[in-house]
Amino acid sequence: MPTPAMPCPCGLPAAYPQCCGRFHSGERQAPTAELLMRSRFSAFAVGDTAYLLRSWDPSTRPAVLDLDPGQRWERLEILATERGGMFETEGSVEFRAHYREGRHTGSLHEHSSFAREAGAWVYVGPLSPVDFD
């Protein structure tokens, strides 16, 4: 579990509790699609499956989410965002998430769809096929 001084895994300069940790705890909700994407990456990095399921659109969310304990999510690159602002109801984020499994490194490239449901942003799913490098 992250420590209070730990930098946030999402790549923003704030410490985890003041950045994505406040979304994971339920203290605040991500105000934009990009911040929801960043908080979801951080949830993968810290193993917070409850947050991942909570922030997933019910129409596309799996019943169970099992994270691979041997996979470490290390770095996130936001490549593009479209809409998804504080006063919008739909948006998309293109990103590349870098991971490590043992000695192997790789990345996941996805262009994701987000929607605002009952005032909260949720991940809907990929807009195009997911690409693992």
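Structure: see above.
What you see is a predicted model, and the numbers here were worked out from it, not measured in a lab.

Trainee: Describe in detail the packing of aromatic side chains, supporting the description with residues and values.
Mentor: Any aromatic ring pair is given by two values, namely how distant the centres are and how the planes are angled relative to each other. Taken as a whole, this structure holds six aromatic pairs when the rule is applied. Their ring planes at 75° and their centres at 5.3 Å tell us that Trp-56 and Tyr-123 sit as a pair that is edge-to-face. One end of the pair, Trp-56, is in the loop between α3 (49–54) and β1 (71–83); the other, Tyr-123, is in strand β4 (residues 120–126), and 67 residues separate them in sequence. In this structure Trp-56 comes out as buried when scored by relative accessible area, which is 13%. An aromatic cluster is defined as three or more aromatic residues linked by ring pairs; in this entry it consists of Phe-41, Phe-44, Trp-73, Tyr-99 and Phe-132. Here the guanidinium or amino end of Arg-40 rests over the ring plane of Trp-56, the centre of that ring lying 4.9 Å away.

Trainee: Can you explain the nonpolar core? Please cite residues and give values.
Mentor: With 21 residues, the main nonpolar core has Met-37 and Phe-114 as its most contacted residues. Where this core is concerned, the elements lending two or more residues are α2 (33–46), α3, β1, β2 (90–101), β3 (104–117) and β4. Examining the composition of this core, we find that five residues originate from one element, α2, more than from any other. Non-local contacts of Phe-114, meaning those with residues more than four positions away in its chain, are made with Ala-33, Leu-36, Met-37, Thr-89, Glu-90, Gly-91, Ser-92, Val-93, Trp-121, Val-122, Tyr-123 and Val-124. In terms of nonpolar packing, the next biggest core, distinct from the first, is built from six residues, Cys-10, Tyr-16, Cys-19 and Cys-20 among them.

Definitions and cut-offs
Residues numbered from 1 in each chain as written. Predicted model: local features only at pLDDT ≥ 70, side-chain atom pairs only at ≥ 80, totals over all residues. Heavy atoms only, no water. Phe/Tyr/Trp six-rings, centres within 6.5 Å; stacked < 30°, edge-to-face > 60°. Helix = DSSP H or I, 4+ residues; strand = E, 2+ residues; numbered from the N terminus. Buried < 20%, exposed > 50% of the residue type's maximum accessible area, 1.4 Å probe, protein only. Lys NZ or Arg CZ within 6 Å of the ring centre and 35° of its normal. Core = buried A, V, L, I, M, F, W, Y, C linked by side-chain atoms within 4.5 Å. Contact = heavy atoms within 4.5 Å.

Everything listed here is a matter of coordinates, which is why it stays silent on function.
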